[in-house]
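# Analysis of the macromolecular model
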Number of protein chains: 2
Amino acid sequence: MKRHQTTIIDIAKELNLSKSTVSRALTGHSNVNPETRKAILDLAEKMDYQRNMLALSLVTSRSNTLGIVVPEFLTSFFPQVVIGAQEIASKAGYNVIVSHSNESYETEVANSKVMLANRVDGILVSVTKETRNFDHFKVFQRKGIPIVFFNRVCDEMSVPKVIVDDYEGAFRAVEHLIQTGKKRIAHLAGPDSLLISRKRLNGYLDALRKYNLPLIDELVISYDLTVEKAKIYVKHLLELPEPPDALFAINDPTAIEAMQVIKAKGLTMPEDIAVVGFSNDYASSLIEPGLTTVAQPIREIGKNAAQLLLDQMDREVSDWKAMTKILKTELIIRGSSSRNMPTSGH
Amino acid sequence: MKRHQTTIIDIAKELNLSKSTVSRALTGHSNVNPETRKAILDLAEKMDYQRNMLALSLVTSRSNTLGIVVPEFLTSFFPQVVIGAQEIASKAGYNVIVSHSNESYETEVANSKVMLANRVDGILVSVTKETRNFDHFKVFQRKGIPIVFFNRVCDEMSVPKVIVDDYEGAFRAVEHLIQTGKKRIAHLAGPDSLLISRKRLNGYLDALRKYNLPLIDELVISYDLTVEKAKIYVKHLLELPEPPDALFAINDPTAIEAMQVIKAKGLTMPEDIAVVGFSNDYASSLIEPGLTTVAQPIREIGKNAAQLLLDQMDREVSDWKAMTKILKTELIIRGSSSRNMPTSGH
DNA sequence: CTGTTAGCGCTTTCAC
DNA sequence: GTGAAAGCGCTAACAG
């Protein structure tokens, strides 16, 4: 199905001009006779002319496109980051192409190749839970294409990163549980491959330590972030001879799954067991009781990451700085951990 | 910042071959000496060669890219549609570029131009609530680029569309409310510009009619789908001299906002007022009581739309059929409209 | 099996 | 002010 789109040559022929002149008029160069320019612009409009960015990119060797590679698109987190990033990108005249990897390493590798093949001028990345090898991203560095990680970052690459104070946030969350009198605090952690899992785990551990609570091995479980496993492990925890009296979950979706299981068992929150999540997803304020959680500035993460990327692109490769931007979190206390709080609401 | 990416010429020079041979080896053509091929493939790998899709697209005049234009990215609806569409697209070897318009007509027009400039081979569109003029999409038709609408479709364009049985779904929802004994059923409708608003409104009206309930004008309100307005109108409804005993909302986010207002007023659901939404968003099962809602097969919408688009691309322009695919909805009854139902849960 | 050539649509010197 | 020509990276005839 061969279609023909209007080109500058079509316009040039129609007006008996050279394509150079048409190009100049269309791109707003100065050296064009005002009348010629007007004729060109009018005809272009009339013929639905739309500049071919592919050809432009080929000649300028910049695509004016940023790539975003995210691990999933199911929870509201990544779409929101994308909104933030897109806002900054389009202000700077860049288009954005997004790909999600469905938490699959293979797909992530394939997606990164698509970004390369489409000659993105830079990429924003948050890796899958399976990703342990980062060669497919190191290629970008070798080629001199700026890369910025956010949220789920690659520890071994020296590039800019945008994260939140995961350790601090986790510490405060667990401290809060301790201060409400909880003693057997469980932690449903993420996979060890993710830095955020390890950081949040460390926050948990240090909070216990600071308040001289013993670390109870059976109360700390790393899992793969799937809904099914979350359910299984929460059930397991609740059926222990000495079940936990509180649960700190790696993120809100996990915490919410936990709450469902807890409710189904007929236990009450926060008395029987208190729950704290991480992120402050939209659902956290809707569920009953409201979910206490460590709020992250999600859209800001996207904005900061995009800005950092744009900053790199203005610089020489040698000038790239591997700075890590750490955004603040805020503990939001709701009914899942505190009886004095509104049971739900915004 | 001028970077140089490996090209087939680099490989050709290194191996003392012509770029044609390199091209043939890389694209898997048959007529290449196995040894030469291996040498080429190995070197390409070693040099991080990545085919330049921009150049390819220029010569083949197909970009192997589908565009998706959605009105917003905040609710889970559109990201889920994108997941479905992307699944089908990538199976067929197409990349996807997504743009959201933030419910702004201006942005939508700009986004459609970006799609054109990037020479997408087809687009999937759901329009903003502001869109009343469709010229920016008609250009695609004129250029012979297939276009498929979904969810928020353009009524005046004769192209394939994927929707759900909005009328039917709304009718069943309202019928359900009537059957639980409700008599003063309000409807918080969407803007009149959207076909889905009108269809759902008609379902509402016909249900009233069928059961001989009077249409009470003050109970039907069209609004702009913003959170703030939802709150204001729900409050208004509740403060009427004769407030409604049920509310059918255009979609789940609206219904959920309504529920917050109702709870804040200390009213109980479903006794004081029953609520029904549309979509079955994730949050609907979490909120307390669970939200009765008309479930749509969200991901299927994306899959069907993408498939319809691919079908067009295999055909001559003259063969395009403007068929409308209507997917089934299902009424999911939860605690917001029925006391016998579980208060929440999946 | 491999090389040569033309051309996709555009910008950009360099002339005139 | 405008045109001619080169070239971005690649594929696809057409030769050999």
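What you see as residue numbers is a count from 1 along each chain, following the sequence as written. Note on labels: chains are lettered from A, ligands numbered from 1, in written order. With pLDDT at 70 or above as the cut-off, local features in this predicted model cover only qualifying residues; side-chain atom pairs require 80 or more to be listed or tallied, and sums for whole chains, interfaces and linings still use all residues. Think of the side-chain values as coming from all heavy atoms in the structure, minus any hydrogens and water.

## Regarding the overall build of chain A
Counting its secondary structure elements, chain A contains 12 helices and 12 strands. Over its C-alpha atoms chain A spans a radius of gyration of 26 Å, topping by over 25% the 20 Å that the globule rule assigns to 346 residues. A principal-axis box enclosing the C-alpha atoms of chain A has dimensions of 90 × 40 × 35 Å. Values of accessible area rely on a 1.4 Å probe in the Shrake-Rupley scheme; residue burial ignores everything except the protein chains shown. Surface summary for chain A: the accessible area is close to 14700 Å², and the carbon and sulfur share equals 50%. Under the counting rule used here, the positive set is Lys and Arg, the negative set is Asp and Glu, and His together with the chain ends is not counted. By convention, the charge on Lys lies at NZ, on Arg at CZ, on Asp at CG and on Glu at CD. Separation of charge centres in chain A, based on 42 positive and 41 negative side chains, amounts to 5 Å. A run of DSSP states H or I qualifies as a helix once it reaches four residues; a run of E qualifies as a strand once it reaches two. Both are numbered from the N-terminal end. Computation of the radius of gyration draws on C-alpha atoms, with the globule rule given as 2.2 Å multiplied by the number of residues to the power 0.38.

## Concerning the environment of Asn-202 of chain B
Note on placement: Asn-202 of chain B falls in helix α9 (residues 195–210). The sequence separation of Asn-202 of chain B and Ala-170 of chain B amounts to 32 residues, and the corresponding C-alpha distance is 8.0 Å.

## As for the nonpolar core
Among the buried residues, those of types Ala, Val, Leu, Ile, Met, Phe, Trp, Tyr and Cys that are joined through side-chain atoms within 4.5 Å form a nonpolar core. Three exposure classes are used, based on accessible area relative to the maximum for each residue type with a 1.4 Å probe and protein chains only: buried under 20%, partly exposed in between, and exposed over 50%. Counting 96 residues, the largest nonpolar core has Leu-124, Phe-150 and Phe-248 of chain A together with Leu-124, Phe-150, Ile-185 and Phe-248 of chain B as its most contacted members. With residues up to four places along the chain from it excluded, the contact list for Leu-124 of chain A reads Gly-67, Ile-68, Val-69, Ala-85, Val-148, Phe-150, Ala-305, Ala-306 and Leu-309 of chain A. Judged by nonpolar contacts, the second largest core, of 46 residues, contains Val-125 of chain A together with Phe-140, Ile-147 and Ile-196 of chain B. Any pair of residues with heavy atoms lying within 4.5 Å of one another is described as a contacting pair.

## Structural notes on the protein's contact with DNA strand C
Near DNA strand C there are 27 residues, and of these Ile-8, Lys-19, Ser-23 and Tyr-49 of chain A together with Ser-20 of chain B occur at the shortest range. We call a residue near a given molecule or strand whenever any one of its heavy atoms falls within 4 Å of it. Near-protein atoms of DNA strand C (within 4 Å) split between backbone and bases, with sugar and phosphate holding 58%. In protein, a polar contact requires one atom able to donate a hydrogen and another able to accept it; more generally it is a pair of N or O atoms within 3.5 Å, and residues adjacent in sequence count only if both atoms are side-chain atoms. Ser-18 of chain B is positioned such that a nitrogen or oxygen atom in its backbone is 2.9 Å from a phosphate oxygen of DNA strand C. Val-59 of chain B places a polar main-chain atom, nitrogen or oxygen, 3.4 Å from a base oxygen of DNA strand C. Contributing elements (two or more residues each) for the surface near DNA strand C: α2 (19–27) and α4 (53–60) of chain A together with α2 (19–27), α3 (34–46) and α4 (53–60) of chain B. Examining the composition of the surface near DNA strand C, we find that 5 residues originate from one element, α2 of chain A, more than from any other. Polarity classes work like this: nonpolar for Ala, Val, Leu, Ile, Met, Phe, Trp, Tyr, Cys and Pro, charged for Asp, Glu, Lys and Arg, and polar for all others, with Gly in that last group. Counted by class, the surface near DNA strand C contains 10 nonpolar, 12 polar and 5 charged residues.

## Re the packing of aromatic side chains
Residue and element names in this part refer to chain A. Stacked, edge-to-face and tilted are the three classes for Phe, Tyr and Trp ring pairs, Trp counted by its six-membered ring, which pair at centre distances within 6.5 Å; planes under 30 degrees apart are stacked, over 60 edge-to-face, the rest tilted. Under the definition given, this model contains 11 aromatic pairs over all chains. For the pair Phe-77 and Phe-78, a centre-to-centre distance of 4.9 Å together with 85° between the ring planes defines the contact as edge-to-face. Across this residue pair, the class does not change: Phe-77 and Phe-78 are buried. Among the aromatic residues, ring-to-ring pairing joins Phe-77, Phe-78 and Phe-150 into one connected group. For a lysine, the NZ atom is tested; for an arginine, the CZ atom; a charge sits over a ring if that atom is within 6 Å of the ring centre and within 35 degrees of the ring normal. One residue, Arg-200, lies across the ring of Phe-278, its end atom 3.7 Å from the ring centre.

## Let's talk about the interface of chain B and chain A
Counting from both sides, the interface comprises 61 residues of chain B and, opposite them, 60 residues of chain A. Salt bridge, as applied in this entry: a Lys or Arg side-chain nitrogen positioned within 4 Å of an Asp or Glu carboxyl oxygen. Where chain B touches chain A, the interface holds 4 salt bridges. If you list the elements that add at least two residues to the side of chain B that touches chain A, you get α4, α5 (77–91), β2 (95–100), α6 (105–117), α7 (135–143), α11 (252–264) and α12 (298–313) of chain B. Looking at the side of chain B that touches chain A residue by residue, the classes come out as 26 nonpolar, 20 polar and 15 charged.

## Examining the side chain of Thr-128 of chain A
Within the secondary structure layout, Thr-128 of chain A lies in the loop between β3 (122–125) and α7 (135–143). Excluding residues that lie within four positions of it along the chain, Thr-128 of chain A makes contacts with Pro-71, Ser-101, Glu-103, Ser-104, Tyr-105, Glu-108, Arg-152 and Leu-194 of chain A.

## Some thoughts on the protein's contact with DNA strand D
Within the structure, DNA strand D sits among 26 residues, and Thr-21 of chain A together with Ile-8, Lys-19, Ser-23 and Tyr-49 of chain B are positioned closest to it. Thr-21 of chain A is positioned with one of its side-chain polar atoms (N or O) 2.7 Å from a phosphate oxygen of DNA strand D. Within the side chain of Tyr-49 of chain B, an N or O atom sits 2.5 Å from a phosphate oxygen of DNA strand D. When residues in the surface near DNA strand D are grouped by element, the largest group, 5 residues, is from α2 of chain B. Of the residues that constitute the surface near DNA strand D, the class distribution is 9 nonpolar, 12 polar and 5 charged.

## Details of the relation of the copies chain B and chain A
Turning chain B through 180° and shifting it by 0.0 Å along the axis lays it on chain A, with an RMSD of 0.1 Å. As the rotation angle and translation indicate, the two copies are arranged about a two-fold axis. A share of 98% of the interface residues of chain B reappears at the interface of chain A, consistent with the copies meeting face to face through the same patch. Only residues with pLDDT of at least 70 in both copies contribute their C-alpha atoms to the least-squares superposition of the copies.

## Side note on the domain arrangement of chain A
Residue and element names in this part refer to chain A. Domain ranges listed in this record stem from an automatic or a database domain assignment. The domain architecture assigned to chain A consists of domain 1 (8–51), domain 2 (64–163 + 298–327) and domain 3 (166–296). A separation of 29 Å is found between the C-alpha centroids of domain 2 and domain 3. On the side of domain 3, 16 residues touch domain 2, which itself brings 15 residues to the contact. Here domain 2 and domain 3 share 0 salt bridges between them. Here domain 2 and domain 3 share 3 residue pairs in polar contact (both at pLDDT 80 or more) between them. Here the side of domain 2 that touches domain 3 is built from residues that sort into 6 nonpolar, 5 polar and 4 charged.

## Let's talk about α9 of chain B
Residues and elements named next belong to chain B. Here a helix's expected span is defined as the number of its residues, less one, multiplied by 1.5 Å. Its 16 residues place the ends of α9 22 Å apart at the C-alpha level, agreeing with the 22 Å of an ideal helix rising 1.5 Å per residue. Of all the residues in α9, the buried ones are Leu-195, Ile-196, Ser-197, Arg-200, Leu-201, Gly-203, Tyr-204, Leu-205, Ala-207 and Leu-208. Along its buried surface, α9 packs onto α8 (166–179), β6 (185–189), β7 (220–222), β8 (246–249) and β9 (274–279).

## Observations regarding α12 of chain B
Counted at 1.5 Å a residue, the expected span for α12 of chain B with its 16 residues is 22 Å, and the 23 Å between its end C-alpha atoms agrees. Buried residues of α12 of chain B: Ile-298, Ile-301, Gly-302, Asn-304, Ala-305, Ala-306, Leu-308, Leu-309, Leu-310, Gln-312 and Met-313 of chain B, and no others.

## Describing the UniProt feature "domain: HTH lacI-type" (unreviewed entry) in chain A
UniProt positions are given in the numbering used here, feature names are shortened, and annotations may be inferred rather than shown by experiment. The positions that UniProt labels "domain: HTH lacI-type" (unreviewed entry) are, in the present scheme, residues 6–60 of chain A. Across residues 6–60 of chain A, helical content stands at 69% and strand content at 0%; the span's end C-alpha atoms are separated by 21 Å.

## Remarks on the pairing of β3 of chain A
Residue and element names in this part refer to chain A. Across the two faces of β3 the burial is the same, with Gly-122 and Leu-124 and Ile-123 and Val-125 all buried. Only strands that DSSP links by at least two bridges are regarded as paired with each other. For strand β1 (residues 65–70) and β3, the ladder comprises 4 bridges, and the chain directions are parallel. Directly across from Val-69, in β3, lies its bridge partner Val-125. Assessed by its sense of winding, the connection that carries the chain from β3 through α7 to strand β4 (residues 147–150) is right-handed. Note on handedness: a crossover is taken as right-handed if, strands pointing away from the viewer, the path from the first strand over the helix to the second is clockwise.

## Some thoughts on the pairing of strand β6 (residues 185–189) of chain A
Regular strands place side chains that alternate from one sheet face to the opposite one. Residue and element names in this part refer to chain A. Burial within β6 is extensive, with 5 of its 5 residues counted as buried. Side-chain alternation along β6 places Ile-185, His-187 and Ala-189 on one buried face and Ala-186 and Leu-188 on a second face that is also buried. Here β6 runs beside strand β8 (residues 246–249); their pairing, made up of 4 bridges, is parallel. Its bridge partner lying in β8, Leu-188 is registered against Ala-249. Strand direction decides the pairing type here: β6 and strand β7 (residues 220–222), joined by 3 bridges, are parallel. For Leu-188, the partnering residue across the bridge sits in β7 and is Ile-221. Handedness of the β6-helix α9 (residues 195–210)-β7 crossover: right-handed.

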